[in-house]
Amino acid sequence: MPGAWPHCILMDCWQILYASEIMRLPSWSGNRKSIDPGLLLILALTLFTVIPLLRNPGLPNGPDVLYHSYRVAEMNRSWSQGLLFPTWAEGFYLGYGSPLFHFYARLTYVITGLFKVVFGLDALNALRALLALSLLGCSSGMYLFAKRRFGRLSGIIAGLLYVYSPYLMYTEAYARGTYPELLSFALFPWLLWRVDALRDKPSPANFLLLVLVQSALINAHNLMALVLTGITVAWITFEAIPQHMNREASRMAWRPAAWSLLAMALGIGAAATFWLPVVLESDSVHLQNLTVAGLLDYREAFVRLPDLLAAPPIHDAGAINGLSELKILGVAQWMLALLGLAATAALYIRGYRSLHPQSFLGVLFFAIIALAMLVLVMPASLPIWDSLRPIQFLQFPWRLLGPVAACLAIIGGTNGLWLEKLDLRPQISLVASLVALPIVLAIPLFFVPEWRHKTLDTSIEAYHAEEAARRQLGTTFTGEYRPRHVHSVPDPTAHLLLDYADGYPVDKLNHSVLPAGSDAELIHNSPQSHEWRIEASNDFVAEIYNFYWLGWRVEIDGRPVEITPSRHHGLITFLVASGEHNIRVYLGSTPARDLAGWVSLVAMLLSVAAATLLRRRRATARPYWQIAPLSRASTAGLLLGGGIALLCVLVFFQEGLAWHHSPPGEALPAQYRVRFTLDDSLQVLGYDLSADELRPGAHLRLRVYWYAPEEIDVNFSSFLHLSTGGPPLAQVDKLHPAGRAISEWWGPEGYIVDTYELRLPGQLAAGEYQLIVGLYTCELMPANDCGNGYRPRVSDETGEVIGDSVPLTSIRVVAG
């Protein structure tokens with residue numbers, strides 16, 4: 001019964017959308033008044049963000065790209081068997097299964113599944129379509145929200161600032177490939193828009209639309225849904241409280257705010273089939289792994305202010321690992337947000353009142369949120385992260401840059417208020433400049449290096465080959481969705497993998513445990529249900545090649561049987577008596593899932609009831625203000641700005657201007673070019689240094705450019721030492737330079753960029769210190785006798801051997 005609720009939600013949501021203003025598409029043969037030229041303009045101006053998709057097939061080598069590609073394929077396998085809302089990813093973990101779809105938000109995979117059904121897209125192209133749709137959703141949603149607050153011109157400026165934020169359009173969309181998180185950022189301004197619409201006009205359609213968008217956000221991304229929903233609730237409360245201080249206004253203020261909060265609560269309740277079991281059954285998997293892995297340590301994921309303020313870098317096509325995760329918000333975003341904040345303050349002081357009654361109050365709120373989030377992103381907030389356990393599940397403080405980007409865009413959109421007051425010529429020129437600025441400054445980001453996945457075999461056979469090589473195991477990095485009883489993943493079972501490769505049915509019974517003279521026949525198989533007819537000559541313990549997890553049940557001849565997870569591996573085992581039996585193994589419900597189903601049903605019924613109540617009574621609301629059309633000057637400026645942006649893209653988006661392409665054996669972006677050779681097989685081409693004069697306890701960033709003139713089959717680890725000639729005073733070691741195994745990634749086609757983050761000791765004496773890098777390996781040492789490892793000999797540019805490490809440069813430490 002609970003499994004039907006998501007389907008009901010989906011159908012109800014579609015009916016709501018179809019009847020609402022969102023689906024009133026322009027009709028070229030009908031009434032042209034329904035066309036919003038501002039919306040068409042923002043969608044057109046957003047198209048520059050998909051230039052990387054137009055230039056390349058497939059997707060880049062983001063760390064999460066393959067995870068989501070294989071999850072899309074697994075969801076499609078479930079759909080092919082008639083299971084529309086699976087909780088169990090049957091093919092993962094070498095065919096033993098995983099409850100990934102139970103714990104990870106599924107909206108991304110539902111949308112891509114629809115793309116496959118409707119358009120026939122494979123996993124890669126479905127994700128490409130979702131990426132483009134999300135970017136268009138970011139700009140259009142922000143436009144619709146800011147338009148209600150400040151007008152159409154402000155909406156377009158806000159939409160451009162949001163979608164062209166480097167963190168969103170480059171890091172989220174391409175460098176990381178975190179499509180569910182990007183989808184949540186696309187839904188966020190739509191949520192704000194629907195809240196504002198409901199507060200202005202508490203109607204049944206506005207109420208149900210807010211329920212729908214809130215539910216969609218919950219199902220888009222676990223962590224960001226919490227953050228973005230919290231911001232929205234705080235915003236509603238922040239704008240309602242001041243009006244309650246005024247007795248005359250309080251009667252007008254509390255009801256719209258209450259309707260908005262009620263709709264959001266019911267949207268959260270409607271999504272309970274997802275989030276409530278995640279909360280109540282979190283101990284059934286290894287979710288604690290999310291905060292214990294070294295690479296997911298929040299202490300290593302802060303961003304310093306100079307980085308936040310930096311301009312987008314010029315990428316190099318000559319770098320093997322040139323796809324970098326930028327933690328920047330954009331120069332245009334900072335400039336226009338600060339300008340908008342100052343202009344808004346000036347307008348308020350001069351007594352200007354916008355048509356929307358709470359425009360200025362909203363600007364103040366989003367400025368406060370941006371400041372709070374920026375504090376949490378920077379290293380100074382470490383004590384806060386250490387003391388608040390719940391926020392550690394965000395893993396990366398820089399994840400909060402997405403909400404910051406939204407706040408800066410909203411604030412920057414207020415520039416439309418003063419622009420519209422200018423005379424014709426200055427208005428046209430300034431509007432054009434502000435429209436073109438975020439696009440032109442983002443041109444270097446239209447080049448995305450490391451575009452490796454031009455095609456991808458997402459068949460279950462290909463995926464299992466990746467898992468057998470211990471890559472993409474369960475499509476997670478820390479095994480957080482591995483069932484609790486699974487302490488170690490069993491080795492691959494050859495005949496099971498062959499059965500998967502042949503397609504359904506898949507026989508998951510371990511036939512080797514059958515007593516002699518026994519027989520077993522598979523009579524039914526689906527991703528979450530299996531059935532056999534067994535004739536056993538003796539009692540035996542049956543084993544199913546399926547991890548045990550909450551909800552898995554066994555029935556023998558219709559009677560439930562106790563399951564005992566196998567030791568270490570956690571496979572389903574149970575006792576079978578001699579004789580002929582029908583055995584059914586299936587994933588059933590649990591008390592938590594039943595409760596979630598009822599909560600979701602009640603929330604949907606209450607949503608309908610609340611909408612009916614709104615229809616029957618006239619709710620108290622703020623006076624709705626009429627949004628003025630774009631002026632001729634604004635329209636001219638927008639078109640001119642779009643033309644300038646297009647011209648700049650045509651002129652500057654080319655090699656040598658928007659990106660480099662270093663020849664093999666060179667590193668053009670290197671701040672300092674050097675050449676050291678290690679064992680005649682590896683080279684250091686140059687380095688970047690954040691500063692050559694620091695204080696004790698300061699943070700130093702060193703970027704080393706490695707190069708392999710020929711492919712080698714030995715894997716080296718790397719180190720950075722701070723030294724005065726003796727033992728290192730501080731150091732950083734890496735299993736693989738830049739996290740890329742030399743035997744797999746390095747080659748003569750390009751260099752590897754290897755970044756080291758080193759904190760100087762707090763008690764370091766003033767003076768000169770050397771920065772020394774080098775490589776070492778145990779592969780060239782006798783077995784069981786690695787010692788300090790083998791270090792390749794190092795030669796300088798003249799060919800003279802200078803030791804077994806590279807004396808890269810020196811720094812000066814000055815007194816604190």
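Details of the structure are given in the entry above.
Keep in mind that what you see is a predicted model, and the values were worked out from it rather than measured. Once a new chain begins, its residue numbering starts again from 1 and follows that chain's sequence as written. Selection of residues for local features in this predicted model requires a pLDDT of at least 70, selection of side-chain atom pairs for listing and counting requires 80 or more, and totals for whole chains, interfaces and linings are taken over all residues. Only heavy atoms go into the side-chain values, all of them from the structure, while hydrogens and water stay out.

A. Local environment of the overall build of the chain. Each helix is a run of H or I in the DSSP string that is no shorter than four residues. Each strand is a run of E no shorter than two, and both are numbered from the N terminus. What the chain contains, in helices and strands, is 26 helices and 21 strands. Restricting the calculation to C-alpha atoms gives the radius of gyration, and the globule rule supplies 2.2 Å times the number of residues raised to the power 0.38. Its C-alpha atoms give the chain a radius of gyration of 29 Å, near enough to 28 Å, the size a compact globule of 816 residues would have. Overall size of the chain, expressed as C-alpha extent along the three principal axes, is 85 × 80 × 50 Å. Note on classification: 1.4 Å probe, protein chains only; a residue is buried when its accessible area is under 20% of the maximum for its type, exposed when over 50%, partly exposed between these limits. A total of 816 residues make up the chain; the buried ones form 57% of that total. Within the chain, contacts between residues separated by at least 24 positions form 76% of all contacts whose residues are at least 6 apart in sequence. Residue exposure ignores everything except the shown protein chains as possible cover, and the areas themselves are Shrake-Rupley values with a 1.4 Å probe. Summing over all exposed atoms, the chain offers an accessible surface of approximately 34,100 Å²; the carbon and sulfur share of this is 59%. Residue contacts are defined here by distance: any two heavy atoms, one from each residue, within 4.5 Å place the two residues in contact.

B. Looking closely at the side chain of histidine 286. Within the element layout of this structure, histidine 286 appears in the loop between α14 (272–280) and α15 (305–308). Two N or O atoms count as a polar contact when they lie within 3.5 Å, although within protein this holds only if one can serve as hydrogen donor and the other as acceptor, and sequence-adjacent residues are included solely when both atoms are side-chain atoms. From its side chain, histidine 286 meets the backbone oxygen of arginine 482 in a polar contact 2.8 Å long. Within the local environment of histidine 286, its side chain forms a polar contact with the backbone oxygen of proline 483, the two atoms lying 3.4 Å apart. If near-sequence neighbours (up to four positions away) are discounted, histidine 286 is found in contact with Gly479, Glu480, Arg482, Pro483, Arg484 and Val486.

C. Quick look at the environment of methionine 224. Position of methionine 224 among the secondary structure elements: in helix α12 (residues 222–244). Taking the C-alpha atoms as reference points, methionine 224 and glutamate 450, 226 residues apart in sequence, are found 27 Å from one another.

D. Expanded view of the pattern of salt bridges. Think of a salt bridge as a Lys or Arg side-chain nitrogen and an Asp or Glu carboxyl oxygen that are within 4 Å of each other. Enumeration over the complete set of coordinates arrives at 26 salt bridges. For aspartate 680, the salt bridge goes to arginine 793, with nearest N and O atoms at 3.1 Å. With aspartate 680 in the loop between β11 (672–678) and β12 (682–689) and arginine 793 in the loop between β18 (767–776) and β19 (794–795), the pair connects residues that are 113 residues apart, well separated along the chain. For aspartate 680, a relative accessible area of 57% puts it in the exposed group. Members of the salt-bridge network, linked through shared partners, are Arg149, Asp196, Arg199 and Glu239.

E. Region of interest: the state of the cysteines. We call a pair of cysteine sulfur atoms a disulfide whenever their separation is within 2.5 Å. The final tally for this structure, using the stated rule, is 1 disulfide. One disulfide in the model links cysteine 778 with cysteine 786; its S-S distance is 1.8 Å. Taking the sign of the S-S torsion, -75° for the link of cysteine 778 and cysteine 786, the bridge is left-handed. Its relative accessible area of 43% is what places cysteine 778 among the partly exposed residues. Cysteine cysteine 407 shares no disulfide, and the gap to the nearest cysteine sulfur, in cysteine 138, comes to 14 Å.

F. Molecular detail of the sheet that holds strand β9 (residues 579–587). Strands were regarded as paired on the criterion that DSSP finds at least two bridges between them. Spatial strand order, β2-β3-β9-β5-β6: 5 strands in an open sheet with antiparallel pairing. The strands lining the two open edges of the sheet, one partner per strand, are β2 (519–526) and β6 (559–561). Ignoring which end each strand starts from, the neighbouring axes of this sheet average 25° apart. The sheet contact formed by strand β5 (residues 552–556) and β9 spans 5 bridges and is antiparallel. Fitted lines through C-alpha atoms serve as axes, helices being fitted only where they are in contact, and the angles separating the N-to-C directions of these axes extend from 0 to 180 degrees.

G. A look at unusual backbone geometry. The omega angle of the peptide bond from tyrosine 504 to proline 505 is 0°, so this bond is cis rather than trans. Considering the arrangement of structural elements, one finds proline 505 in the loop between α23 (494–501) and β2. At aspartate 557, a position not held by glycine, the phi torsion is positive, near 55°. Its identity as a non-glycine residue notwithstanding, alanine 738 has a phi of 60°, on the positive side. By the element assignment, alanine 738 lies in the loop between β16 (730–734) and α26 (742–745).

H. The pairing of strand β3 (residues 529–536), seen in detail. Looking at chain direction, β2 and β3 are connected through 7 bridges and run antiparallel. Each residue of the ladder has a partner; that of asparagine 525, found in β3, is histidine 530. The loop that links β2 with its antiparallel partner β3 comprises 2 residues. Pairing between β3 and β9: 8 bridges, direction antiparallel. Within the sheet, the bridge partner assigned to glutamate 535 lies in β9 and is glutamate 580.

I. The arrangement of the packing of helix α4 (residues 65–80) against helix α6 (residues 107–119) in detail. At a minimum axis distance of 9 Å, the contact between α4 and α6 shows a crossing angle of 65°. Considering how the two elements wind past one another, α4 and α6 form a crossing that is right-handed. Here α4 contributes His68, Arg71, Val72, Met75, Asn76 and Trp79 to the contact with α6, which in turn contributes Tyr109, Val110, Thr112, Gly113, Leu114, Lys116 and Val117. Class assignment for the residues of the contact of α4 with α6 results in 7 nonpolar, 4 polar and 2 charged. Helix crossings are classified by the rotation of the near helix relative to the far one: an anticlockwise turn of less than a right angle makes the crossing left-handed, while a clockwise turn makes it right-handed. By the convention adopted, Pro, Cys, Tyr, Trp, Phe, Met, Ile, Leu, Val and Ala count as nonpolar, Lys, Arg, Asp and Glu as charged, and the other residues, Gly among them, as polar.

J. Structural context of the environment of aspartate 733. For aspartate 733, the location among the structural elements is in strand β16. For aspartate 733, a relative accessible area of 38% puts it in the partly exposed group. Sequence-wise, aspartate 733 and phenylalanine 719 are 14 residues apart; in three dimensions their C-alpha atoms are separated by 4.4 Å. Non-local contacts of aspartate 733, meaning those with residues more than four positions away in its chain, are made with Ser718, Phe719 and Tyr776. One polar contact links aspartate 733 to glutamine 731, side chain to side chain, over a distance of 2.6 Å. A polar atom in the side chain of aspartate 733 sits 3.2 Å from the side chain of tyrosine 776.

K. Region of the structure containing the nonpolar core. Phe207, Phe446 and Phe574 are the most contacted members of the largest nonpolar core, which has 200 residues in total. In terms of residue count, helix α7 (residues 123–150) provides more of this core than any other element does, 15 residues in total. Here phenylalanine 207 is in contact with Leu198, Trp259, Leu262, Ala263, Leu266, Ser607, Ala610, Ala611 and Leu614, once residues within four sequence places are set aside. Counting residues in each nonpolar core, the second largest holds 37 residues, with Leu694, Ile742, Leu758 and Val773 among its members. Nine residue types can take part in a nonpolar core, namely buried Ala, Val, Leu, Ile, Met, Phe, Trp, Tyr and Cys, and a core is a set of them joined through side-chain atoms within 4.5 Å.

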